Amino acid sequence: MTKSSAPSRERIVAGAADLISRRGLNAASIREVARHSRAPLGSTYHYFPEGKQQLATEAVRYAGDAVARVLRKELEAGPVAGLRAFLALWRGIVVDSDFRAGCPVLAVSVEEPPDGTVPPALAAAAEAFATWERLLADALCAHGAAPDQAAELAALVVAAVEGATAMCRAGRSVQPLDRVGRQLEGVLAGALRPAD
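These remarks concern the structure in this document.

### Some words on the overall build of the chain
In terms of helices and strands, the chain carries 9 helices and 0 strands. Secondary structure elements in the chain, listed N-terminal to C-terminal, are α-α-α-α-α-α-α-α-α. Over its C-alpha atoms the chain spans a radius of gyration of 18 Å, differing by no more than 12% from the 16 Å that the globule rule assigns to 196 residues. The principal-axis extent of the C-alpha atoms belonging to the chain is close to 60 × 40 × 40 Å. The centroid of the 22 positive side-chain charges in the chain is displaced by 9 Å from the centroid of its 22 negative side-chain charges.

Take a look at the structure:
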C-alpha cells in the first residue's frame, strides 16, 4: 500500500498535543503547530478551518483519549495497576522530553480563557479529567471501595499525579511523581477489600 506524502490529520493533532504540552496553549499558534508537526501550513488550515481553537480542542481530546485507553487497559488488573500505569505514563513523558513536556490537558486548563468564556478546548479538558476520574472510581468500586470514597480517591489520584507532573517539569526531577506514587498506592490499598 502506498503511503501518502501528505501529513495526516492525526499527525497534526498529535503534534498540537505535544506542542501544547511543551509550551502551553497560548504559545501554540497554528503556524507553530504546522512547523512542529512538519506539515504545510495550508494542510493545517484545510483540516482545521475553524482555526486554533478547533485544533486545540481536538488535541486535548486526542491526549485525553490516549490516557483513557492506557487506564482502561491497566485497570483491568486493578486500581493499583492502573495507578502505576498512570504514573509511568507521565514519568515517561517528562523524562523522554528532558522535562520539557507535561500534560496538554493540564496546560489548556491553567491558561485564562479569553473574555471569560469557556472555550471548547477547556470544556474538552474538563471532560478528559472527568473520564480519567470515572475510570479510576469504577475500578475502585469494583474492588471494594465505597462509591463516595472511590470518587474522592479518583479525584485525588488525578489531581496529585497532574500536579506532580508539573512539579517534575519545574524541578527537572521525577522525585515528585515517585513520592506521590508511593503515598497514593498506600491510600488506594487501604480503600480496597482484601483479596479472597
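### Brief notes about the pattern of salt bridges
Evaluated as defined, the whole model comprises 9 salt bridges. Residue Glu 32 pairs with Arg 35 through a salt bridge whose shortest N-O separation is 2.5 Å. Placement of the pair is Glu 32 and Arg 35 together in helix α2 (residues 30-37), with a separation of 3 residues, close to one helical turn. Overall, Glu 32 belongs to the partly exposed group, its relative accessible area being 21%. Between Arg 172 and Asp 98 there is a salt bridge; the shortest N-O distance is 3.0 Å. Taken as a pair, Arg 172 in the loop between α8 (147-171) and α9 (175-191) and Asp 98 in the loop between α5 (79-96) and α6 (104-109) lie far apart in primary sequence, 74 residues in all. Residue class for Arg 172 comes out partly exposed when judged on its relative accessible area of 46%. One connected set of salt bridges, linked through shared partners, spans Arg 23, Glu 32 and Arg 35.

### Some words on unusual backbone geometry
A positive phi is found at Asp 98, a non-glycine position, where the angle reads about 55°. Judged by its relative accessible area of 34%, Asp 98 is partly exposed. A positive phi angle, close to 65°, is found at Phe 99, a residue other than glycine. Relative to the elements of secondary structure, Phe 99 occurs in the loop between α5 and α6. Overall, the relative accessible area of 15% leaves Phe 99 in the buried class.

### Observations concerning the nonpolar core
A general feature of soluble globular proteins is that nonpolar side chains tend to end up buried together. By size, the foremost hydrophobic cluster in this structure holds 59 residues, and its most contacted members are Phe 86, Val 105, Trp 132 and Val 161. Counting residues per element, the ones that place at least two in this core are α1 (9-23), α2, α4 (52-75), α5, α6, α7 (120-142), α8 and α9. It is α7 that provides the largest number of residues to this core, a total of 11 residues. Apart from the residues within four sequence positions on either side, Phe 86 is in contact with Val 67, Leu 71, Trp 132, Val 157, Val 158, Val 161 and Glu 162.

### Looking at α9
In this model α9 runs 25 Å from its N-terminal to its C-terminal C-alpha over 17 residues, within 8% of the 24 Å that 1.5 Å per residue would give. Among the residues of α9, Pro 176, Leu 177, Gly 181, Leu 184, Leu 188 and Ala 191 are the ones counted as buried. Burial along α9 is one-sided: seen end-on, the buried residues are contained in an arc of 120°. In α9, the exposed positions angled more than 90 degrees off the buried face are occupied by Arg 182, Gln 183 and Gly 190. Turning to α9, the residues buried within the fold contact α5, α7 and α8.

Conventions used here
Residues numbered from 1 in each chain as written. Predicted model: local features only at pLDDT ≥ 70, side-chain atom pairs only at ≥ 80, totals over all residues. Heavy atoms only, no water. Helix = DSSP H or I, 4+ residues; strand = E, 2+ residues; numbered from the N terminus. Rg over C-alpha atoms; globule rule 2.2 N^0.38 Å. Lys, Arg positive; Asp, Glu negative; His and termini not counted. Charge placed at Lys NZ, Arg CZ, Asp CG, Glu CD. Salt bridge = Lys/Arg side-chain N within 4 Å of Asp/Glu carboxyl O. Buried < 20%, exposed > 50% of the residue type's maximum accessible area, 1.4 Å probe, protein only. Core = buried A, V, L, I, M, F, W, Y, C linked by side-chain atoms within 4.5 Å. Contact = heavy atoms within 4.5 Å. Expected span 1.5 Å × (residues − 1). Arc of directions from axis to C-beta.

Treat this as a map of the structure, not an account of what it does.
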